[in-house]
Amino acid sequence: MALPRLRVCVLAGRTDACARTGHPLPDKALGIVGLGYVGLPLALAFADAGNEVVGLDTDATKLTDLAAGRSYIEDVDEAALAALAPRLHPTADYADLEDCAAVIVCVPTPLSNSREPDLSYLREAAAQVAAHLQPGQLIVLESTSYPGTTREELLPALSAGGRTVGEDFFLAFSPERIDPGRSDHSIRTTPKLVGGITAACTEHARDLYAQICDTVEVLSSPETAELAKLLENIFRSVNIALVNEIAQLCDRLGIDVWEVVDAAATKPFGFMRFDPGPGMGGHCLPVDPFYLAFKAREHDFYPEFVELAGKVNQAQPEFCVRRIERVLNDAGKPVKGSRILILGASYKPGIGDTRESPALRIMTLLRDLGAELSYHDPFVPELPAQGLTSVDLAAGLADTDLLAIVTAHPGVDHAAAVAAVPRAIDFRGISRKFDADNVERL
Ligand SMILES: NC(=O)c1ccc[n+]([C@@H]2O[C@H](COP(=O)([O-])OP(=O)(O)OC[C@H]3O[C@@H](n4cnc5c(N)ncnc54)[C@H](O)[C@@H]3O)[C@@H](O)[C@H]2O)c1
């Protein structure tokens, strides 16, 4: 049951332009809904494999950027974008998906203000995909969510009007495992998990991803694939919480946590290295435990381990602020009125993603204490919610009481930055690489 059969079915009788929209028709079309950190690299991977890709997003700025050949994702270089542009068809019109054999949904799955799953983007996308669903289309969800989302949210929407899954259309879940900023693994070399609602759905999904991934692991259900993704992320969350807690203990004991981690990591088996830091950020790790906890509660189950990890990690920025207070106190300065330069505002090195970044929480807490804040981040030109723009590094360093290294971006000379200020604190351990006696480490 290979995908080409689907293509024939979907594309049979087509002309050179979409009958509904008049837009030029792609050849072997595949649709990606949501062209963000996950969707855009995926769209390009499929284009690179020879597919025509309809890329759909509701953000007009992204569509304009793509049309102009501008990349807004650090991992997508503009040369690759330009090379594949002829096969990438950006659009905001869901009717263009009618020309696609398969549609992959990569929309956000954030938390609401009350820290509950916010499936509004997913529901909107599902309703639109369902409204344009074609016979034989394969729909795959890649957005991270709790087990049951594909079956409980997408299946009813797509089945409307009496359509039968596994016959009239196909539906599967396949989690995205991308790690923005990472270059040692790619979409091709990272095994892909697929779990369909029916066996035929799974087979279609496997055939689809076999075009771009060397290994496709077939699972028995979408729920297994959904929970596997959450387990991967929660595994990281728990281990980061553990090492952050050890960092707090080391502070009390007067032991260098970095030396402890380095030492433990010399064991060639049975230990996996995680580094302490200012806390967790990004769209995944801080969010996913809440998705799992939400589903678990529906079953009268309280995943205490998972929730405790989230709690420890969320408290880490407060610990960092206490450390900043101590450094200033040792210099006879209160936080109030002190000029503090935050170096690195995104949640991880080499990317500009500030979602759930611990730097933002640290900045809010310092501001509440009356600090005069500024920040420098080569990947984050502005922080509108904080009313701040990234300052020139040299100018910022010349005018600061304390430098706080919150995210250690490549290309920043941290040794020179530390040398230029009276005192610094380093939450990433980057200062282990150079000699300086005016810097404290986490
Ligand atoms: N960023 C990561 O590292 C990563 C890794 C693995 C999984 N995920 C998961 O993948 C999903 C997407 O994450 P992301 O980081 O790519 O998010 P993102 O915000 O970077 O991209 C999502 C895109 O979807 C668009 N969008 C929103 N609603 C839409 C709609 N109704 N129709 C069409 N487009 C719509 C947005 O404009 C945006 O461009 C999330 O569930 C996330 O948890 C993310």
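A. Structural view of the packing of aromatic side chains. Tallying each qualifying case throughout the model produces four aromatic pairs. When the centroid spacing of 6.0 Å and the interplanar angle of 55° are considered together, the rings of phenylalanine 46 and tyrosine 209 count as tilted. Taken together, the residues span a long stretch of sequence, with phenylalanine 46 in helix α2 (residues 39–48) and tyrosine 209 in helix α7 (residues 199–210) at a distance of 163 residues. Comparing phenylalanine 46 with tyrosine 209, the two get one shared label, buried. Residues phenylalanine 235 and phenylalanine 274 carry aromatic rings whose centres are separated by 5.9 Å and whose planes lie at 70° to one another, so their mutual orientation is edge-to-face. One end of the pair, phenylalanine 235, is in helix α8 (residues 222–253); the other, phenylalanine 274, is in the loop between α9 (257–264) and α10 (288–298), and 39 residues separate them in sequence. The class of phenylalanine 235 is partly exposed, set by a relative accessible area of 39%. On the basis of relative accessible area, phenylalanine 274 is assigned to the buried category, the value being 10%. Through pairs of rings, three or more aromatic residues link up here, namely Tyr146, Tyr291 and Phe294.

B. Highlighting the site of the ligand. Neighbouring the ligand are 28 residues, the closest being Val38, Asp57, Tyr94, Thr109 and Arg355. Taking tyrosine 37, its main chain carries an N or O atom lying 3.1 Å from an oxygen atom of the ligand. For the ligand, whose accessible area on its own is 830 Å², the fraction buried by protein is 93%. Sorting elements by how many residues they give to the shell around the ligand places helix α5 (residues 120–131) first, with three residues. Taken together, the residues of the shell around the ligand break down into 14 nonpolar, seven polar and seven charged.

C. Broad picture of the packing of α8 against α10. Where α8 meets α10, the axes come as close as 9 Å, and the angle between the chain directions of the two elements is 125°. Judged on the interaxial angle alone, α10 and α8 are oblique. Two packed elements cross with a definite hand, and for α8 against α10 that hand is left-handed. Contact residues: α8 offers Leu227, Leu230, Asn233, Ile234 and Ser237, while α10 offers Asp288, Pro289 and Leu292. Grouping the amino acids of the contact of α8 with α10 by side-chain chemistry returns five nonpolar, two polar and one charged.

D. Inspection of the pairing of strand β13 (residues 402–405) at higher detail. Side-chain alternation along β13 places Leu402 and Ala404 on one buried face and Leu403 and Ile405 on a second face that is also buried. Two strands pair when backbone bridges link them, and strand β9 (residues 339–343) and β13 are joined in this way by four bridges, in the parallel orientation. Each bridged residue has a counterpart across the sheet, and for isoleucine 342 the counterpart in β13 is alanine 404. Relative to strand β14 (residues 424–426), β13 is paired through three bridges, and the arrangement is parallel. Counted as the bridge partner of alanine 404 is isoleucine 425 from β14. Note that the unit made of β13, helix α14 (residues 414–419) and β14 has a crossover that is right-handed.

E. Seen up close, the sheet that holds strand β7 (residues 192–196). Pairing within the open sheet is mixed, and its eight strands lie in the order β3-β2-β1-β4-β5-β6-β7-β8. The open sheet has two edge strands with one neighbour each: β3 (88–91) and β8 (216–218). Between one strand axis and the next, the sheet turns by 25° as a mean value, whatever way the strands run. Bridge analysis of strand β5 (residues 138–141) against strand β6 (residues 170–173) gives four bridges, and the strand direction is parallel. Within β6, the residue paired with isoleucine 139 across the bridge is leucine 171. Of the strands in this sheet, β5 and β6 touch helix α6 (residues 149–159), which is tilted by about 160° from β6. Along the sheet face, α7 touches β1 (29–33), β4 (102–105), β5, β6, β7 and β8 and points at about 155° away from the line of β7.

Quick notes on the rules
Residues numbered from 1 in each chain as written. Predicted model: local features only at pLDDT ≥ 70, side-chain atom pairs only at ≥ 80, totals over all residues. Heavy atoms only, no water. Phe/Tyr/Trp six-rings, centres within 6.5 Å; stacked < 30°, edge-to-face > 60°. Helix = DSSP H or I, 4+ residues; strand = E, 2+ residues; numbered from the N terminus. Buried < 20%, exposed > 50% of the residue type's maximum accessible area, 1.4 Å probe, protein only. Near = heavy atom within 4 Å. Polar contact = N/O pair within 3.5 Å; in protein donor to acceptor, adjacent residues only side chain to side chain. Areas by Shrake-Rupley, 256 points an atom, 1.4 Å probe, with all protein chains shown as cover. Nonpolar A, V, L, I, M, F, W, Y, C, P; charged D, E, K, R; others polar. Axes fitted to C-alpha atoms, helices over the stretch in contact; angles between N-to-C directions. Parallel < 35°, antiparallel > 145°, perpendicular 65-115°, else oblique. Left-handed = near helix turned anticlockwise from the far one by under 90°. Contact = heavy atoms within 4.5 Å. Pairing = 2+ DSSP bridges. Right-handed = clockwise from strand over helix to strand, strands pointing away.

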